[in-house]
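Structural overview
Below, each chain spelled out in residue letters.
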Amino acid sequence: MKAGPFDIVEGTTLSPGDSGGVVVRLPKELPNGPWKIVADLESGMVKRNATRSIEFPDRGKVGKPGTILSGWMPLWSIAGALVVVLLILAALIMKRRSRQPAAVG
């Protein structure tokens, strides 16, 4: 089964480097799922997309909160840690090279 596309009913104007959220209203008749959600957003030359799985709780029950981007946080944490390690290694290599005497030739 396929549904959508659905329009964004509430968005945010962002400055470069900022982040924000969007709200999409889904029809009440939409079955609980699970659904594969594909979000394609663009503004000017900036384009972003994300794909996630979502399942709605039964009527009167509460589901787990989350966002399309919440699944990416562990990846950002790993990438950030890797960048820090690489920067430290680069600094150590540069420091070591600056201590070595220049070759006379």
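Bear in mind that the values here come from a model prediction, so they are computed numbers and not experimental data.

Some remarks on the overall build of the protein chain
When its secondary structure is counted, the protein chain shows 1 helix and 4 strands. Counted from the first residue to the last, the protein chain has its helices and strands arranged as β-β-β-β-α. The buried share of the protein chain, reckoned over its 105 residues, is 3%. Taking contacts inside the protein chain between residues at least 6 apart in sequence as the whole, the part at least 24 apart equals 21%. Total accessible area computed for the protein chain in this model is approximately 10000 Å², and 60% of it derives from carbon and sulfur atoms.

Observations concerning the pairing of strand β4 (residues 46–54)
Of the pairings in the sheet, the one linking strand β3 (residues 35–43) to β4 comprises 9 bridges and is antiparallel in character. Looking across to β4, one finds that leucine 41 is bridged to arginine 48. Hairpin connection from β3 to β4: 2 residues lie between these consecutive antiparallel strands, with glycine 44 at a positive phi of about 60 degrees.

Observations concerning a nonpolar patch on the surface
A surface patch of nonpolar side chains, amounting to about 650 Å² of accessible area, comprises Leu82, Val84, Val85, Leu86, Ile88, Leu89 and Leu92. By relative accessible area, isoleucine 88 is classed as partly exposed at 48%.

A closer look at the environment of lysine 47
Checked against the element boundaries, lysine 47 lands in strand β4. Using a relative accessible area of 54% as the deciding quantity, one classes lysine 47 as exposed. Beyond its immediate chain neighbours, meaning those up to four positions away, lysine 47 contacts Leu41 and Glu42.

Observations concerning the environment of valine 24
Along the polypeptide, valine 24 turns up in strand β2 (residues 23–24). Remark: the alpha-carbon pair of valine 24 and glutamate 10, spanning 14 residues in sequence, is separated by 7.2 Å. Every residue in contact with valine 24, bar those within four places of it in the chain, is listed here: Phe6, Asp7 and Ile8.

Calculation criteria
Residues numbered from 1 in each chain as written. Predicted model: local features only at pLDDT ≥ 70, side-chain atom pairs only at ≥ 80, totals over all residues. Heavy atoms only, no water. Helix = DSSP H or I, 4+ residues; strand = E, 2+ residues; numbered from the N terminus. Buried < 20%, exposed > 50% of the residue type's maximum accessible area, 1.4 Å probe, protein only. Contact = heavy atoms within 4.5 Å. Areas by Shrake-Rupley, 256 points an atom, 1.4 Å probe, with all protein chains shown as cover. Pairing = 2+ DSSP bridges. Patch = residues over 30% accessible without salt bridge, like charges linked within 9 Å, V, L, I, M, F, W, Y side chains within 5 Å. Salt bridge = Lys/Arg side-chain N within 4 Å of Asp/Glu carboxyl O.

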